[in-house]
Amino acid sequence: MEESQELKKELLRYKQESRNLQGVKDALQQRMAQQESSILQLRQELLRAGMGQDELHHQNVDLQRKVEERNRLLGDYKKELAQKDRLLQQQQSKLDEALRKLGEATHHKVDLQREVEHKDSLINELMTRQLDEADDLQLVRDALRSLRNSFSGHDPQHHTIDTLEQGIGSLMERLHMGEPHRRPGGKSPGHRAAAHTERDSWPHSSKMLHSHSSPALSSSASTKVLYFTDRSLTPFMVNIPKRLGEVTLRDFKAAVEREGNYRYHFKALDPEFGTVKEEVFHDGDVVPGWEGKIVAWVEEDHGDSR
């Protein structure tokens, strides 16, 4: 009985130990399940961490590529900026050169303006002098006309007055020619313009045909023509290839070649009044001669048509 009781006690003890072991086992299993779940969570977290690391690696690679691209663009921008700086320096040097040239041009313009003002003053002075000379010339012409009218028509002093007119005209011409040598600055533009204006008023044939230019012109087949104008006391001379007595007013007009309305007077010998100025109107009329030549006066007609 005692052994059975001991066995029962031992059996109860073993059952109790078995229950304890079973409780420990359950606890261990539960702890193991918790650890497995924790391990699973850790694996999941490790997987997520690996995926995140891969993503970070890809982002890092992408960022590095972007940084390299930015560095390349920055290098290109630096090169372009350096090129623009060089162009800016070139443009600045060109601008400085242009400003320098502009300053020189401004100074040159000022000098030119001063020179133009000086030339204008010289031209005004010359024109004033020419007007005074023209007035003096008109006074001399009026005096000679008055002196001519004081003589009778048969008086031979008319020829002396003609010679005096020619001498005064030659003297005025010499004064004009000698004026540039006396002036330090040379011939002014106004004087050249006046000289050209007076010479341009000469007929073309008077410039080309001269009594000493060709021996054939001094032959009996041509007639020497000496004529005066209102512009100058110096007479002009042309040759007309016709004998004296065959020259008409039309031939005379063709020889002097003047445009506009003019009146034509010719020196002639009248049986009643002696030496006169005969006016010829019609182109077909023969112009009179004087001592083997033709002496004429060409005057502008300021009135209405005859």
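Described below are features of the structure shown in this document. A quick note: this is a predicted structure, and the numbers were derived from the prediction, not measured.

1. Focus on the nonpolar core
One broad trend across soluble globular proteins is that nonpolar side chains are buried collectively.
Here's step 1: In terms of nonpolar packing, the biggest core is built from 18 residues, with Val225, Tyr227, Leu249, Phe252, Tyr264 and Phe266 touching the most fellow members.
Here's step 2: Once you skip the residues sitting within four places of it in the chain, leucine 249 turns out to touch Tyr264, Phe266, Val280, Phe281, His282, Asp283, Asp285 and Val287.
Here's step 3: Grouped together as the second largest cluster of nonpolar side chains are five residues, Leu137, Leu144, Ile161 and Ile168 included.

2. With respect to unusual backbone geometry
Here's step 1: The backbone phi angle of glutamate 257 is positive, close to 50°, even though this residue is not glycine.
Here's step 2: The exposure class of glutamate 257 is partly exposed, given its relative accessible area of 46%.
Here's step 3: In this model, glutamate 291 sits at a positive phi of 55°, which is unusual for a non-glycine residue.
Here's step 4: Mapping glutamate 291 onto the fold places it in the loop between strand 4 (274-280) and strand 5 (294-300).
Here's step 5: Residue glutamate 291 is classed as exposed on the basis of its relative accessible area of 60%.

3. Looking at the sheet that holds strand 3 (residues 262-270)
Here's step 1: The strand order across the open sheet built from five strands is 2-1-5-3-4, with neighbouring strands paired in mixed fashion. At either end of the open sheet lies a strand with only one pairing partner, and these are strand 2 (236-240) and strand 4. Between one strand axis and the next, the sheet turns by 30° as a mean value, whatever way the strands run.
Here's step 2: Bridge count for strand 3 against strand 4 is seven bridges, and the pairing is antiparallel.

4. Remarks on the pattern of salt bridges
Any two side chains of opposite charge can pair if their charged atoms end up close together.
Here's step 1: Using the criterion set out here, one finds twelve salt bridges in the structure.
Here's step 2: With a closest N to O distance of 2.3 Å, glutamate 69 and arginine 72 form a salt bridge. Here the residue glutamate 69 and the residue arginine 72 both occupy positions in helix 1 (residues 2-150), the gap between them amounting to three residues, near one helical turn.
Here's step 3: A relative accessible area of 44% places arginine 72 in the partly exposed class.
Here's step 4: The residue glutamate 97 makes a salt bridge to arginine 100 at a minimum N-O spacing of 2.1 Å. One end of the pair, glutamate 97, and the other, arginine 100, are both in helix 1, three residues apart, so they sit about a helical turn from each other.
Here's step 5: Overall, the relative accessible area of 41% leaves arginine 100 in the partly exposed class.

So, how was this worked out
- Here the residue numbers are simple positions, counted from 1 along each chain's written sequence.
- Residue-level local features of this predicted model are given only where pLDDT is at least 70; pairs of side-chain atoms are given and counted only at 80 or more, and the full residue set underlies all totals for whole chains, interfaces and linings.
- Hydrogens and waters are ignored; side-chain quantities use all the structure's heavy atoms.
- For our purposes a nonpolar core is just a set of buried Ala, Val, Leu, Ile, Met, Phe, Trp, Tyr and Cys residues, chained together by side-chain atoms within 4.5 Å.
- We call a residue buried when its accessible area falls under 20% of the maximum for its residue type, exposed when it is over 50%, and partly exposed in between, using a 1.4 Å probe and counting protein chains only.
- Residue contacts follow a heavy-atom distance rule, with two residues in contact if any of their heavy atoms lie within 4.5 Å.
- A run of H or I in DSSP counts as a helix once it spans at least four residues, and a run of E counts as a strand once it spans at least two, with each numbered from the N terminus.
- Think of it this way: DSSP has to see at least two bridges between two strands before they count as a pair.
- Every angle, taken between N-to-C directions, lies between 0 and 180 degrees, and every axis is a line fitted to C-alpha atoms, over only the stretch in contact when it is a helix.
- By definition here, a salt bridge exists when the distance from a side-chain nitrogen of Lys or Arg to a carboxyl oxygen of Asp or Glu is within 4 Å.

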